[in-house]
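# Observations on the model geometry
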Amino acid sequence: MREYAEEFLGAPDATGGGGVTLDYAHDLPYAHFARAVRDGRVRVRFLGLGLDPLSWKPEICLVCVWDAAAFDEIFAGMGEHNEEGVLVVGARAGDRYRGVPFTAGNVLGYAGHASTLPAGRACLTLAWRWRRELGLL
């Protein structure tokens, strides 16, 4: 939830440092995320656990499958970039993004791109491998 809020909606980094406490039931946009999970409009699935051999940092690979209406509602204020760079958000249709289609070319293309980090590559390829079980067909 924190990554979605930070990366897509420009929320300040919520690392918990400096006495920052989040109330996921009441603080926005976290309350919207929690409600979407509770209502079944977003499903979070564990894909695996990896260990980056260079940094020795464990990576938890998750996938979030969003109901399109819930995504559009929660991320209506999403921009095209954040402080880390440009977001890959797909084509814009009026005041909404159409998103990037979940196709072999797109998924495996991003997974094979030189700038995609290993954990991202793993999430993309595992989501593609398990797309039927994730309800993405």
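The next subject is unusual backbone geometry. Note the cis peptide between Leu28 and Pro29, where omega equals 5 degrees. By the element assignment, Pro29 lies in the loop between α1 (2–9) and α2 (30–38). Positive phi, normally seen in glycine, also occurs at Trp56, with a value near 60 degrees. Along the chain, Trp56 turns up in the loop between β1 (42–51) and β2 (58–66).

Right, let's talk about the confidence of the model for the chain for a bit. Per-residue pLDDT for the chain averages 87, and the proportion of residues at 70 or more is 89%. Least confident of the elements in the chain is strand β5 (residues 91–93), whose mean pLDDT is 67; most confident is α2, at 95.

With that out of the way, let us pick up a nonpolar patch on the surface. A cluster of nonpolar residues, Met1, Tyr24, Val37, Val44, Phe46, Leu49, Ile60 and Leu62, forms a patch on the protein surface that exposes about 760 Å² of accessible area. For the nonpolar patch, the secondary structure elements donating two or more residues are β1 and β2. With 3 residues, β1 is the single largest residue contributor to the nonpolar patch. Turning to its location among the elements, Val37 is positioned in helix α2.

Turning to the packing of aromatic side chains, a few remarks are in order. According to the stated counting rule, one finds 13 aromatic pairs in the structure shown. Seen in terms of ring centroids, Trp66 and Phe71 are 5.7 Å apart; in terms of plane orientation they differ by 80 degrees. Their pairing is edge-to-face. Between Phe102 and Trp128, the ring centres sit 5.3 Å apart and the planes meet at 50 degrees, which makes this aromatic pair tilted. With a gap of 26 residues between them, Phe102 in the loop between β6 (96–99) and α4 (104–111) and Trp128 in helix α5 (residues 118–129) connect regions that are remote in the sequence. Through successive ring pairs, a cluster of aromatic residues spans Tyr4, Phe8, Tyr24, Tyr30, Phe33, Trp66, Phe71 and Phe75. Across from the ring centre of Trp128, 4.0 Å away, lies the NZ or CZ of Arg131, which sits over that ring.

Evaluation of the coordinates by the stated rule reveals 1 salt bridge. In this structure, Arg41 and Glu73 form a salt bridge, with 3.6 Å as the shortest nitrogen-oxygen distance. On the criterion of sequence distance, the pair formed by Arg41 in the loop between α2 and β1 and Glu73 in helix α3 (residues 68–74) is long-range, its members being 32 residues apart. Judged by its relative accessible area of 22%, Arg41 falls in the partly exposed class.

Another aspect to go through is the nonpolar core. If you look at the biggest cluster of nonpolar residues, it comprises 13 residues, and the most contacted ones within it are Tyr30, Phe33, Trp66, Ile74 and Phe75. If you tally residues by element for this core, the top one is α2, at 3 residues. Excluding residues within four positions of it along the chain, Phe75 makes contact with Tyr4, Phe8, Leu9, Phe33 and Trp66. Counting 8 residues, the second largest nonpolar core, distinct from the first, contains Leu47, Val65, Cys123 and Ala127.

Parameters at a glance
Residues numbered from 1 in each chain as written. Predicted model: local features only at pLDDT ≥ 70, side-chain atom pairs only at ≥ 80, totals over all residues. Heavy atoms only, no water. Helix = DSSP H or I, 4+ residues; strand = E, 2+ residues; numbered from the N terminus. pLDDT = per-residue confidence, 0-100. Patch = residues over 30% accessible without salt bridge, like charges linked within 9 Å, V, L, I, M, F, W, Y side chains within 5 Å. Areas by Shrake-Rupley, 256 points an atom, 1.4 Å probe, with all protein chains shown as cover. Salt bridge = Lys/Arg side-chain N within 4 Å of Asp/Glu carboxyl O. Phe/Tyr/Trp six-rings, centres within 6.5 Å; stacked < 30°, edge-to-face > 60°. Lys NZ or Arg CZ within 6 Å of the ring centre and 35° of its normal. Buried < 20%, exposed > 50% of the residue type's maximum accessible area, 1.4 Å probe, protein only. Core = buried A, V, L, I, M, F, W, Y, C linked by side-chain atoms within 4.5 Å. Contact = heavy atoms within 4.5 Å.

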